[in-house]
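Given next are the chains, with one letter for each unit.
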Amino acid sequence: MKKIYLHIHRDGMTSSSHHTNDAALAPMERKLIDMYRDKDGLYTQPAEISVEREVWESHNRDRAAFHGFYADKETGNPHSVDWSHGRYNCGRCNMEQNKLCIFLKPSKDLPQRDGGVGPVNMESGSCEHFEGKRLGDSELKAFNMVDSDGYGVAKNGKGFGCPVCPYAEKRVEPDSAGRTLWCKFWATAVDEMACCKYNAAPVL
Ligand code: SF4
Ligand code: SF4
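Cut-off values and rules
- Residue numbers run consecutively from 1 along every chain, following the written order of its sequence.
- Here the convention is simple: chains get letters from A, ligands get numbers from 1, in the order in which they are written.
- This being a predicted model, a pLDDT of at least 70 is required before a residue's local features are given, and a value of 80 or more before pairs of side-chain atoms are given or counted; all residues contribute to the totals for chains, interfaces and linings.
- On a scale of 0 to 100, pLDDT captures the predictor's confidence in every residue.
- Contact criterion: two residues are in contact if their C-beta atoms, reconstructed from the backbone, are within 7 Å.
- Comment: elements are numbered from the N terminus, with helices defined as DSSP H or I runs of at least four residues and strands as E runs of at least two.
- For the exposure call, what matters is how many other C-beta atoms sit within 10 Å of a residue's own: 20 or more marks it buried, 12 or fewer exposed, and in between partly exposed, using C-beta atoms placed from the backbone.
- Here the expected span of a helix is defined as 1.5 Å times the quantity of residues minus one.

This paragraph deals with the confidence of the model for the chain. Looking at the chain as a whole, its pLDDT mean stands at 89, while 90% of the residues score no less than 70. Here residues 1-17 is modelled with pLDDT under 50, and outside its nearest four sequence neighbours on either side it reaches 16 contacts, counting other chains as well.

What follows deals with the environment of D72. Relative to the helices and strands, D72 is located in the loop between α2 (51-68) and β3 (96-97). The exposure class of D72 is buried, given the 24 C-beta atoms found within 10 Å. Along the primary structure D72 and R179 are separated by 107 residues, whereas in three dimensions their C-alpha atoms are 9.4 Å apart. D72 has contacts with V81, D191 and A194, leaving out every residue within four places of it along the chain.

Here we take up unusual backbone geometry. Generally, phi is negative for residues other than glycine and the peptide bonds are trans, each holding for most cases. In this structure, the amide linkage connecting G118 to the following residue, P119, adopts the cis form with an omega of 15 degrees. A positive phi angle, close to 60 degrees, is found at F69, a residue other than glycine. Within the secondary structure layout, F69 lies in the loop between α2 and β3. Its 19 C-beta neighbours within 10 Å are what place F69 among the partly exposed residues. Unlike most non-glycine residues, N98 shows phi in positive territory, near 55 degrees. Looking at where N98 falls in the secondary structure, it is placed in the loop between β3 and β4 (100-101).

Before going further, it helps to spend a moment on α2. Look at α2: 25 Å from first C-alpha to last across 18 residues, which is about the 26 Å you get at 1.5 Å a residue. Taken together, the buried residues of α2 touch β11 (188-190). Looking at the residues trailing α2, positive phi occurs at F69, about 60 degrees.

With that settled, the discussion passes to the environment of C162. Structurally, the position occupied by C162 is in the loop between β8 (152-153) and β9 (168-170). Considering only alpha carbons, one finds C162 and A201, 39 residues apart in sequence, at a separation of 9.1 Å. When sequence neighbours within four positions are dropped, the list of residues in contact with C162 reads A168, L181, C183, V190, D191, E192, A194 and C195.

What follows is the structure, encoded as C-alpha cells:
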C-alpha cells in the first residue's frame, strides 16, 4: 500500500510524494516496560512513593481509560463516573428508562420489550457502557446498537466499582490527586468512585 503525503510550500502551492509501506514499517525503538507480577499475573504494588511513580501510573491510567473505559476526574470520560456514590448499577445509569436499557441489543438475559431490553437489575446490574444519570444529558434511543455480552449482575447486591473489585487494594499512600487505591490489573492508582470494564466482582 502506498501513502501519499501532501507537502504545503511557503508560497501556498502543494505537491505530493509517495512512500512505500516498507518505510512506514521501519522498526521503531520505543521502550517496552515490564513490571513485577504476582503468581496470578497481576501487577504488584511498589512500596515506594515518588514523582516518577505518579508519571508512569498516569500513563497506565490513560491505557485503562482507552481500553477499559476507566474514568475519574482527570482521566477518560467524566460522564461515565458515578461521582456521588461510586455505585455502578443500571438504576444510576443514563441509559435506564422504566427499568429497561435503551442502549443494548436484546439477549437471553435482556429480552426485547417496549422501548428497550430488560428488565435490568436496578441495584446490582451493570455493563461497561454505564453513564451517570444527568438531567442535562438527553439520550438517543440507541436500543439494538451494542452487544449485551458485558452485562452482569453483581452477587454483592450493590453493583460494581473499584472498591468492590478484587483487583483493588489500598495504595501505600493516596497519590497527589487523592486516589486511594492501587489497581493490580492496570498497575495504577485509581479513584474510589471509579470503575472499569474489567471489574472482577463475582456475578450471579
Ligand atoms: S445495561 Fe449498561 S447501559 Fe444499560 S442501563 Fe445498565 S449500565 Fe446502563
Ligand atoms: S480496580 Fe477493578 S474496576 Fe477498578 S480499574 Fe482496576 S480492574 Fe477496573
